[in-house]
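What follows is the residue order along each chain.
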Amino acid sequence: MSQYSIYKISGSGVYIEGNDIDTDRIIPARFLKCVTFDELGDSLFYDVRFNEDGSSKHHVLDKPEYQGAEILISDANFGCGSSREHAPQAIQKFGFRAIIAGSFAEIFHGNCTTLGIPCVSMPAEDRQKMAAAVADDPDTSIIVDLENLQVICANEVFNVTMKASAREAFLAGTTDPLDTLLAQRDSIDAVAKKLGYA
Amino acid sequence: MARNLFQKVWDAHLVGPLASGQSQIFIALHLIHEVTSPQAFGMLQDKGLKVAYPSRTFATVDHIIPTDDASRPLQDAMAEKMLQVLTDSTAAHGIEFFKPGSGTQGIVHVVGPEQGLTQPGMTICCGDSHTATHGAFGCIALGIGTSQVRDVLASQTLAMDPVQVRKISVEGQLQAGVTAKDVILHIIRTLGVDGGVGFAYEYAGSVIENMSMEERMTICNMSIEGGARCGYINPDQTTFDYLSGRPRVPTGDAWDAALEQWQSFASDADAAYDDEVVFHGEDIRPTVTWGVTPAQALFIDENIPNPEEVEGLDRALVTDALDYMQLEANAPIKGTPIDVAFIGSCTNGRLSDFQQVAELIEGKKVAASVRAIAVPGSEQVDKAARELGINLIFEAAGFEWRLPGCSMCLAMNPDKLNGDEVCASSSNRNFIGRQGSPTGRTILMSPVMVAAAAVSGSVADAREVFDIS
Ligand code: SF4
C-alpha cells in the first residue's frame with residue numbers, strides 16, 4: 001500500500017439504493033474461499049447482479065452507461081455485518097475509489113480507510129439529489145473534496161462529514177498505520193511487560 | 001476519577017497517541033481463523049516482517065470445516081487450501097493452532113473462553129465481527145479487518161478511535177421460557193441495527209448479573225448486530241468461577257494475583273457513561289425475526305408489520321424484506337412453515353444450549369417436513385454433550401448431530417439452504433443469502449424456539465409446545 005496524500009477524488013458515480021446494505025450482500029460468503037484478495041472484483045454484489053445460472057439481472061452496476069464509475073453512492077449504515085475486508089477489497093478491485101453514503105458501519109469504515117478508500121457521509125436529501133443527477137447523466141463528474149469536506153456534483157456543492165482521524169490520515173498520506181505502529185517498538189514492549197504479557 | 005471498564009482497559013493497554021488523533025492500543029490476545037488471516041500472512045511476507053508476539057496469537061479452523069466428513073484432504077479443494085495455508089503459516093511463525101482432531105478445535109469465539117484464553121481486562125481482537133462475544137468476560141473485544149490482522153501480527157497493536165460507552169441495564173426478572181437470545185434480539189430491535197454506531201455497549205442490571213457465562217456470551221456476541229463496536233459485561237464471581245481450572249488460566253498464587261487484577265477492571269460504581277438505556281426483563285417475550293436484518297424482529301405473538309404504517313425510507317426496507325421473505329403484512333409470524341432447523345453457531349452452540357433443548361425434546365419428534373441439524377460449537381462441546389448422552393436425545397428426536405464448526409451460520413462449508421427454504425436458526429444473521437442460498441430465508445430465534453419450530457414444522461411459541469410456565 002503506497003503512502004501518499006489524497007485531497008480530492010473525482011470521477012463518475014453510481015447509486016446503489018438501500019439502507020443497511022451488509023457485507024454479506026457486498027460479497028457473499030462463498031466468494032471468501034480464497035487465500036488472496038486478487039480475484040474479488042468480479043464477485044462484488046454478486047447475488048444482486050446475477051441469477052443463480054450466472055445470467056445478468058441487469059443491475060445498475062452492469063449497465064453500460066455506468067461502466068468505469070469510480071464513486072459509489074449508497075444509503076445509511078452501509079457495510080454493516082461481517083468484518084470481512086473482502087468487502088472493501090471487492091469494491092476497490094471493481095474500480096471504486098470513494099464511497100458516499102448516509103452512514104457507515106464501523107469495522108467496514110476502518111477497513112476502507114486502511115485500504116485508502118475515503119468514506120464520506122451525506123444527508124438523505126442531498127443523496128437523493130446526487131442519485132437524480134447520476135440517473136439523469138451517468139457521466140456527471142463528481143468531486144469528493146476531503147480537504148474542504150464537500151462533494152461537487154452537477155454544479156451543486158454539498159457539505160459532507162467524515163471521521164476526523166480518517167480525514168487526517170488521507171490528507172497526511174498515513175491511511176496505512178503499520179509503519180507508525182512499528183516505530184513504537186520500545187513503548188510496545190514496555191506495555192507488554194507492565195501487563196505481564198511478555 | 002471513577003472510570004468504567006472500557007476506560008480502564010483502554011488506559012492500561014495504551015501505548016500512546018498517534019498523529020492522526022487515534023490511539024495505539026496493545027492487544028492482549030489475538031485469535032485467527034482460516035478465512036481472514038491467510039492474506040495477512042501474505043502481507044507480512046511482502047514486507048519482510050515477522051510476528052512480534054507469536055505467543056499471544058492462537059489459531060483455529062471453523063468456517064470452512066465440513067460437519068459430516070472432515071477427513072483430509074477436505075473434499076472442497078479451496079477449503080483444503082485455506083486450511084493448509086493456515087497450518088503452514090502458523091507453523092512458520094510459531095503460532096499455536098487448535099487443529100481438528102486435537103480435542104481443542106472449534107468456533108473461534110467458543111474456543112477462546114473454553115480454553116481460558118479469554119480473561120477479564122484484556123484487549124482481544126480477531127478478524128471476525130463476533131469477537132464481541134469475548135466481552136462477556138469484561139474485555140474490550142474487537143472484530144477487525146485483514147489489514148488490521150496484519151498490524152496485530154506485526155506489532156501486537158492497533159490504531160484505534162475512541163468510542164463512547166452506553167450502559168444498557170436489563171432490570172427485574174425474565175419470564176419463564178425467555179432466554180438470553182430473546183433479550184439481545186429485543187435490545188437490537190429496540191435500539192436498531194445502527195443504534196450502537198460509535199458506542200461500546202456495557203450490559204448490566206439484575207437480569208444480566210443473574211446470567212451464566214454462556215448466556216452472557218450470547219448477549220455480547222450480537223452487540224455487532226446492534227451496530228456497536230463491542231459489548232461487555234463487568235467480571236464478577238460468575239466469571240471467575242467459569243474460568244477457574246481452565247487450561248490457560250493461572251493457578252495457585254498466580255490465580256490470586258490474577259483475580260485481584262481482574263476485579264480491578266470492573267466499572268466503578270459511580271462511573272460515568274455517555275448514554276444509558278434501561279430495559280425491564282418482565283417486558284421481554286420470546287422474539288423471532290421476520291425480515292432480513294436482526295432488528296426486524298417481533299415477539300412470537302405479534303403480527304408481521306405493515307409497510308403502510310411505516311414512515312420514510314424505512315417503508316421501502318419493510319416492503320423489500322417482506323417481499324424477500326415471502327411473508328404477508330399483518331399476518332401472525334407464528335405458524336410460518338419452516339424447512340430447516342439449525343442449532344449451533346458462536347451465538348448459541350455451547351453446551352448449555354444443547355442441554356436446555358435436550359431436556360425439552362426428549363420423547364418428541366422433529367416434524368417430517370423439517371431437516372434438523374445440531375452443530376456443536378467446538379470439539380469440547382461435542383465431547384461433553386456425548387458424555388451426557390445429549391447427542392442421542394437429539395438423534396432420537398430426528399436431529400442430525402454433526403461435527404463442530406460454523407456450519408449453516410454462514411454456509412462456507414457444504415451445509416446450506418437450498419432455493420428459498422426457510423430456516424429457523426439459532427445463529428446471529430438473517431441477511432439475504434446468509435445461509436448459502438441467494439434466495440434462502442432465515443428466521444433467527446433462541447435454540448429452544450428452534451426446537452419448538454422443528455417439532456411443530458412451523459414457527460411456534462416454545463412455551464406452548466413444551467409447556468413451559
Ligand atoms: S458461527 Fe457464524 S458468526 Fe460465529 S464465527 Fe462462525 S460464521 Fe461467524
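All values derive from a computational prediction rather than experimental measurement.

**Focus: helix α6 (residues 164-172) of chain A**
Residues and elements named next belong to chain A.
Here comes step 1: The complete set of buried residues in α6 reads Ser165, Ala166, Ala169, Phe170 and Leu171.
Here comes step 2: Where α6 is buried, its residues contact α4 (106-115).
Here comes step 3: Gly173 sits one or two positions beyond α6 and adopts a positive phi of about 70°.

**What about the pairing of strand β10 (residues 199-204) of chain B?**
All names here are of chain B.
Here comes step 1: Most of β10 sits out of view: six of its six residues are buried.
Here comes step 2: Judged by which residues are buried, β10 turns out to be covered on both faces: Phe199, Tyr201 and Tyr203 on one side and Ala200, Glu202 and Ala204 on the other are all buried.
Here comes step 3: Across six bridges, the pairing between strand β9 (residues 164-171) and β10 is parallel. In the sheet register, Ile168 faces β10, and the bridge partner there is Tyr203.
Here comes step 4: Viewed along the sheet, the connection from β9 through helix α6 (residues 180-191) into β10 turns out right-handed.
Here comes step 5: Two strands pair when backbone bridges link them, and β10 and strand β11 (residues 230-232) are joined in this way by three bridges, in the parallel orientation. When the bridges of β11 are listed, Ala200 appears paired with Cys230.

**With respect to the site of the ligand**
Here comes step 1: In the neighbourhood of the ligand, the contacting residues comprise His63(B), Ile107(B), His109(B), Asp128(B), His130(B), Ser345(B), Cys346(B), Cys406(B), Cys409(B), Leu410(B), Asn428(B) and Arg434(B).
Here comes step 2: Both of domain 1 (5-264) and domain 2 (287-465) of chain B provide at least three residues apiece to the shell around the ligand.

**Regarding the domain arrangement of chain B**
Residue and element names in this part refer to chain B.
Here comes step 1: One can read the domain layout of chain B as domain 1 (5-264) and domain 2 (287-465).
Here comes step 2: For domain 1 and domain 2, the distance between their C-alpha centres works out to 24 Å.
Here comes step 3: Tallying the contact residues gives 47 residues for domain 1 and 43 residues for domain 2.
Here comes step 4: For the pair domain 1 and domain 2, the summed buried surface comes to about 3500 Å²; carbon and sulfur atoms form 56% of the total.

**So, the pattern of salt bridges**
Here comes step 1: One pass over the full model with this rule turns up 30 salt bridges over all chains.
Here comes step 2: A salt bridge links Arg434(B) to Asp24(A), with the nearest nitrogen and oxygen atoms 3.0 Å apart. Here Arg434(B) is found in the loop between β18 (422-425) and β19 (441-444), whereas its partner Asp24(A) is found in helix α1 (residues 23-26) on a different chain. The exposure classification of Arg434(B) matches that of Asp24(A), with both residues buried.
Here comes step 3: Of the charged contacts in the structure, one is a salt bridge between Lys33(A) and Asp76(B), with a shortest N-O distance of 2.7 Å. With Lys33(A) in the loop between α1 and α2 (46-49) and Asp76(B) in the loop between β4 (57-60) and α3 (77-93), this pair bridges two chains.
Here comes step 4: Through salt bridges with shared partners, one network takes in Asp24(A), Arg84(A) and Arg434(B).

**Observations regarding unusual backbone geometry**
Here comes step 1: In this chain, Arg72(B) is followed by Pro73(B) through a cis amide linkage whose omega measures -10°.
Here comes step 2: Following the sequence through the fold, Pro73(B) ends up in the loop between β4 and α3.
Here comes step 3: Of note, the phi angle at His58(A) is positive, near 55°, even though the residue is not glycine.
Here comes step 4: Note on placement: His58(A) falls in the loop between α2 and β3 (71-73).
Here comes step 5: The phi torsion at Leu149(A) lies on the positive side, around 50°, for a residue other than glycine.
Here comes step 6: The residue Leu149(A) is located in the loop between β6 (142-145) and β7 (150-153) in this model.

Calculation rules
Each chain has its residues counted from 1, running along the sequence as written. Chain A is the first chain written and ligand 1 is the first ligand written, with later ones labelled in order. Two thresholds apply to this predicted model, a pLDDT of at least 70 for residue-level local features and 80 or more for giving and counting side-chain atom pairs, whereas whole-chain, interface and lining totals are computed over all residues. Values reported for side chains reflect all heavy atoms of the structure, with hydrogen atoms and water molecules removed beforehand. Think of it in three bands: with a 1.4 Å probe and only protein chains considered, a residue is buried below 20% of the maximum accessible area for its type, exposed above 50%, and partly exposed in between. In this description a helix means any DSSP run of H or I spanning at least four residues, a strand means any run of E spanning at least two, and both kinds are numbered starting from the N terminus. Between two residues, a contact is recorded if the distance between any of their heavy atoms is within 4.5 Å. Strand pairing is assigned whenever DSSP detects at least two bridges linking the two strands. If the strands point away from the viewer and the path from the first strand over the helix to the second runs clockwise, then the crossover is right-handed. Summary of the distance rule: residues count as near a molecule or strand when at least one heavy atom falls within 4 Å of that molecule or strand. Domain delimitation in this document rests on an assignment produced automatically or drawn from a domain database. Take the accessible area each of two parts loses on contact, using a 1.4 Å probe, and add the two losses: that sum is the buried area. By definition, a salt bridge exists where a carboxyl oxygen of Asp or Glu is found within 4 Å of a side-chain nitrogen of Lys or Arg.

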